[in-house]
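Here is what each chain is made of, one letter per residue.
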There are 2 protein chains.
Amino acid sequence: MSEQSPLDLAEGDPFGPHNLPYGVFSTADDPGRRRVGVRIGDHVLDAGAAAHTLGSPYAALLARPSLNPLLAAGRTAWRDVRRAITAWVTVPGHRADMEPLLHPLDAVTLHLPYEVADYVDFYASEHHATNVGRIFRPDGDALTPNWKHLPIGYHGRSGTVVVSGTDVVRPSGQRKAPADAAPVFGPSVKLDIEAEVGFVVGTPSRMGTPVALGDFGDHVFGLSLLNDWSARDIQAWEYVPLGPFLGKSFATSVSAWVTPLEALDAARTDPPARDRELLPYLDDSAEDEKGGFDLRISVAVNGHVIAEPPFATMYWTAAQQLAHMTVNGASLRTGDLYGSGTVSGPEVGQRGSLLELTWNGRDALELPEGKRTFLEDGDVVTMTAWAPGPDGVRVGLGEVSGRIVPSA
Amino acid sequence: MSEQSPLDLAEGDPFGPHNLPYGVFSTADDPGRRRVGVRIGDHVLDAGAAAHTLGSPYAALLARPSLNPLLAAGRTAWRDVRRAITAWVTVPGHRADMEPLLHPLDAVTLHLPYEVADYVDFYASEHHATNVGRIFRPDGDALTPNWKHLPIGYHGRSGTVVVSGTDVVRPSGQRKAPADAAPVFGPSVKLDIEAEVGFVVGTPSRMGTPVALGDFGDHVFGLSLLNDWSARDIQAWEYVPLGPFLGKSFATSVSAWVTPLEALDAARTDPPARDRELLPYLDDSAEDEKGGFDLRISVAVNGHVIAEPPFATMYWTAAQQLAHMTVNGASLRTGDLYGSGTVSGPEVGQRGSLLELTWNGRDALELPEGKRTFLEDGDVVTMTAWAPGPDGVRVGLGEVSGRIVPSA
């Protein structure tokens, strides 16, 4: 064994064999051929080629240009494939076969790893919802009366979900300050981020049949970081009475790497105590599996960390969101994506949006290159995260990054 | 020529060669083979087989299990294919070839004719929005301040768009009367309809590039009737602050037939006078093409007509909706579907929802089988429509129908 092997990882590498997130990549010498890849350290294993080399029956799921066939294969297949890949990258006898199939991460192009079916965005952080309520409805209750009874959500635009690294064009639209007589049109002057976690559905469900809380793991394959870019000025003018539309629909960025839920067993945690009794379909107090995930998110603008939102503080869990989303009989499709909602903790430095961090522009952030209230053209926003893994090792989540380019 | 030919239509048949809507069908002897069909009278022409028989270059677009390839082919192709099919069903020399390829409508199964990408629903009838505002916000202004400045819309669930004829399971969910201390869970007791027109996008657009008003016809292929089923009790409790979600996402029914815009040239009409100056991207006062469509809709419950909503009264046009939907740079995909919003005219008998027709249940409708406020299990709702065509002939729109079945 060579000491130079890409499979010789530093101790505690957050992308070690305990993690193994999935993505889709292509290489410069064959840019049209997209392939499923598995991240190991700073390399990408060509998973389909590995399966072929080893005569694995999973080649049919992995030698594909998208994760969709694997997502659709269901939980037993997810577990079996993960077990197989773990062996491919850890059993010494496979090294000579695997090493030629490992591509340095910085030498590949990463693509949107699955075809997004429906995209739903929730609003599950009590701290975030409270902050937003105080900013936008200062004379009313911060939380609407329904907030503690159901996980509020709405559908977003799946056609503009883009992979990390995609530039985001500053959106134009209507905005109207309360004192103005009529709206004006122009590039958004309050372009913001929302630090979220996105859950990816693998197994579909039948129309008319709700998915119970306990069936979360049968349907959801994994998660990734998600940045729900938001134009606050467009949103404020348009959103009553039917909700956000153009203030959100111009772009939503997701990480190129989907972390399977199985890699996050050690990160399971109990959600905050509920202070309202929940209807049975949402009551997770008797569930075997803890509903929360202890993910530590970090948000940086131009490399400077501005917030560290703790996902463990989310009031509503992903399992509750799935149960709610389907309780009316709405079906799930492979590739459905749902965002947690902005992750904000109780502390100022834990807020997942500039709206909250600057209190709608009142309190500018000091960055090395100057003050920031909302995003300026050229700004690069990068979110990273980790979770506790087995034996004290961290599980790294793939980053989600995007640069703001001027309005066309 | 036989007098029994399915191509010998009665004079004024609303599905004559001036119409030619597209759908997707299969036959009982080969149920797995979905094919593009064109409706002519009470028959369906197997369009791909016709193209093959006649050696047409359009076989590649028509011998397909979905309309998506035709939708993606663009406006010139739409025009050329329509011209070709018109000749196939009208030139006497083709009769012998075409007659074996015509299937009686009642002998085929009709399918969802295209893969729905994103689904957006608008709120474009001033009469509807005013009625809803009066019902839900009796103490405020009926129209929100933004209503006359932009076509309000939101994203819906594309995965639960179903073809006419699909049963609709009554959704369950949370509802809370204002006087109740906490929400209760159960089957919706205010299940409603919304009579709408759905526009189907063919040609995609690039992210970051808005689609101008005048480019409507380059992107939108056609339209069909759409029933946006709505659970008013679920909606009322959930929709503040992020808009409708489970009150709508359980099912949206569309007609099996997509009428190409070209068939509706004679139905073009001017929209109502605007009483606010519009921002340039929405100002259609100088457009060459009239933005409205004179579609006469009829809504029946169990065969009894309850409303005749006039689409010509819609305040916002489909071209304005498309321009608005993309002005922030959001891209279009082939198969995007957007609903007009409920069509309601100024008269009581022209209202496109039971919410309005019964004033939220206050004034029951008298049907032959009894009073109705909202829908009961077993009710069948059917929407039909026609438009003025060339030379005084009507253009029929394919019906959209659905039956309510009890909650699971």
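Residues numbered from 1 in each chain as written. Chains lettered and ligands numbered in written order. Predicted model: local features only at pLDDT ≥ 70, side-chain atom pairs only at ≥ 80, totals over all residues. Heavy atoms only, no water.

### Thoughts on the relation of the copies chain B and chain A
Rotating chain B by 180° and translating it 0.0 Å along the rotation axis places it on chain A, where the RMSD comes to 0.0 Å. On the angle and the small slide along the axis, the relation comes out as a two-fold axis. Every residue of chain B has its C-alpha some distance from the rotation axis, and the shortest such distance is that of Gly243 of chain B, at 2.0 Å. Taken together, the interface assignments show that 100% of the residues at the interface of chain B recur at the interface of chain A, consistent with an identical surface on both copies. (Least-squares fit on C-alpha atoms with pLDDT ≥ 70 in both. Contact = heavy atoms within 4.5 Å.)

### Here we look at the pattern of salt bridges
Residue and element names in this part refer to chain A. All chains considered together, the criterion is met by 47 salt bridges over all chains. Note that Glu289 is salt-bridged to Arg268, the shortest N-O span being 3.6 Å. A residue pair is termed long-range when its members are at least 10 positions apart, and Glu289 in the loop between strand 18 (268-269) and strand 19 (292-293) and Arg268 in strand 18 qualify at 21 residues. According to the relative accessible area criterion, Arg268 is buried, its value standing at 15%. Each of the salt bridges in this network shares a partner with another, and the network as a whole consists of Asp192, Glu194, Asp228, Arg232 and Lys248. (Salt bridge = Lys/Arg side-chain N within 4 Å of Asp/Glu carboxyl O. Helix = DSSP H or I, 4+ residues; strand = E, 2+ residues; numbered from the N terminus. Buried < 20%, exposed > 50% of the residue type's maximum accessible area, 1.4 Å probe, protein only.)

### Describing empty space enclosed by the protein
Taken as a whole and judged by the stated rule, the model has 9 cavities of 30 Å³ or more. Lining the largest cavity are 22 residues, and of these Tyr123, Val132, Arg232 and Gln235 of chain A together with Leu242 of chain B lie nearest its centre. When residues of the lining of the largest cavity are traced back to their parent elements, those giving at least two are strand 6 (119-122), helix 6 (126-136) and helix 8 (232-238) of chain A. The volume enclosed by the second largest cavity comes to roughly 160 Å³. What lines the second largest cavity is a set of 20 residues, among which Leu242 of chain A together with Tyr123, His128, Val132 and Gln235 of chain B lie closest to the centre. Counting only elements with at least two residues in the lining of the second largest cavity, the list comes to strand 6 (119-122), helix 6 (126-136) and helix 8 (232-238) of chain B. Broken down by class, the residue content of the lining of the second largest cavity amounts to 10 nonpolar, 4 polar and 6 charged. (1 Å grid on protein atoms, 1.4 Å probe; cavity = no way out; pocket = protein on both sides within 12 Å on 5 of 7 lines; lining within 4 Å. Points joined across faces, edges and corners; volume = space filled by probe spheres on them. Nonpolar A, V, L, I, M, F, W, Y, C, P; charged D, E, K, R; others polar.)

### Some words on the interface of chain B and chain A
In this assembly, 57 residues from chain B lie in contact with 57 residues from chain A. Arg157 of chain B serves as the salt-bridge partner of Asp336 of chain A, at 3.0 Å between the closest nitrogen and oxygen. At the boundary of chain B and chain A, one finds 24 residue pairs in polar contact (both at pLDDT 80 or more). Elements that contribute at least two residues to the side of chain B that touches chain A include exactly strand 6, strand 7 (153-156), strand 10 (172-175), strand 11 (184-187), helix 8 and helix 9 (318-326) of chain B. Ranked by residues supplied to the side of chain B that touches chain A, first place goes to strand 7 of chain B with 4 residues. Tallied by class, residues from the side of chain B that touches chain A come to 34 nonpolar, 17 polar and 6 charged. (Polar contact = N/O pair within 3.5 Å; in protein donor to acceptor, adjacent residues only side chain to side chain.)

### Brief notes about the side chain of Thr358 of chain A
Counting through the fold element by element, Thr358 of chain A comes out in the loop between helix 10 (354-357) and strand 23 (365-367). Residues in contact with Thr358 of chain A, not counting those within four places in the same chain, are Asp363, Leu365, Arg372, Thr373 and Phe374 of chain A.

### Considering the domain arrangement of chain A
Residues and elements named next belong to chain A. Split by domain assignment, chain A resolves into domain 1 (22-110) and domain 2 (119-405). Computed from C-alpha coordinates alone, the two centres of domain 1 and domain 2 are separated by 29 Å. Contacts between the two partners involve 19 residues from domain 1, matched on the other side by 19 residues from domain 2. Of the roughly 1,500 Å² buried between domain 1 and domain 2, counting both surfaces, carbon and sulfur atoms make up 65%. Summed over the three residues of domain 1 that lose the most area to domain 2, namely Tyr22, Leu71 and Trp78, the buried surface amounts to 39% of that side. Put simply, domain 1 and domain 2 have 1 salt bridge between them. A salt bridge links Arg75 to Asp218; the shortest N-O distance between them is 2.9 Å. (Domains from an automatic or database assignment. Buried area = accessible area lost by both parts, 1.4 Å probe.)

### Details of the environment of Phe221 of chain B
Residue and element names in this part refer to chain B. Structurally, Phe221 can be placed in strand 14 (residues 220-227). Residue Phe221 is classed as buried on the basis of its relative accessible area of 3%. Separated by 102 residues in the primary sequence, Phe221 and Ala323 have C-alpha atoms spaced 15 Å apart. Not counting residues up to four positions away in its chain, the partners in contact with Phe221 are Tyr22, Leu70, Leu71, Trp78, Val200, Gly202, Val258, Thr259, Pro260 and Leu261.

### Here we look at the packing of aromatic side chains
Applying the stated criterion across every chain, the model contains 24 aromatic pairs over all chains. Between Phe136 of chain A and Tyr239 of chain A, the aromatic rings sit 6.5 Å apart at their centres with planes inclined by 40°, giving tilted as the arrangement. Of this pair, Phe136 of chain A sits in helix 6 while Tyr239 of chain A sits in the loop between helix 8 and strand 16 (252-254), and the two are 103 residues apart along the sequence. Judged by its relative accessible area of 25%, Phe136 of chain A falls in the partly exposed class. On the basis of relative accessible area, Tyr239 of chain A is assigned to the buried category, the value being 13%. Relative to Tyr338 of chain B, the ring of Phe199 of chain B has its centre 5.5 Å away and its plane inclined at 25°; by these criteria the two rings are stacked. You can see Phe199 of chain B sitting in strand 13 (residues 195-201) and its partner Tyr338 of chain B sitting in strand 22 (residues 337-339), a full 139 residues away along the chain. Looking at Phe199 of chain B, the relative accessible area reads 0%, which means it is buried. Judged by its relative accessible area of 1%, Tyr338 of chain B falls in the buried class. Members of the aromatic cluster, each reached through a chain of ring pairs, are Phe122, Phe199, Phe216, Phe293, Phe311 and Tyr338 of chain A together with Phe245 of chain B. One cation-aromatic arrangement involves Arg39 of chain B over Phe15 of chain B; the distance from NZ or CZ to the ring centre is 3.5 Å. (Phe/Tyr/Trp six-rings, centres within 6.5 Å; stacked < 30°, edge-to-face > 60°. Lys NZ or Arg CZ within 6 Å of the ring centre and 35° of its normal.)

### What to know about the sheet that holds strand 4 (residues 102-104) of chain B
Residues and elements named next belong to chain B. Read across the sheet, 5 strands follow the order 4-3-2-1-5 without closing on themselves; strand pairing throughout is antiparallel. Either end of the sheet is taken by a strand with one partner, and the two such strands are strand 4 and strand 5 (108-111). Pairs of neighbouring strands in the sheet enclose a mean axial angle of 45°, with direction left out of account. Sheet analysis places strand 3 (residues 43-46) next to strand 4, joined by 3 bridges and oriented antiparallel. (Pairing = 2+ DSSP bridges. Axes fitted to C-alpha atoms, helices over the stretch in contact; angles between N-to-C directions.)

### A word on the sheet that holds strand 21 (residues 304-307) of chain A
Residues and elements named next belong to chain A. Pairing within the open sheet is mixed, and its 5 strands lie in the order 9-26-25-20-21. Every interior strand has two partners, whereas the edge strands, strand 9 (168-169) and strand 21, have only one. Sheet topology places strand 20 (residues 296-301) next to strand 21; 3 bridges connect them, and they run antiparallel. Each bridged residue has a counterpart across the sheet, and for Ala300 the counterpart in strand 21 is Val305.

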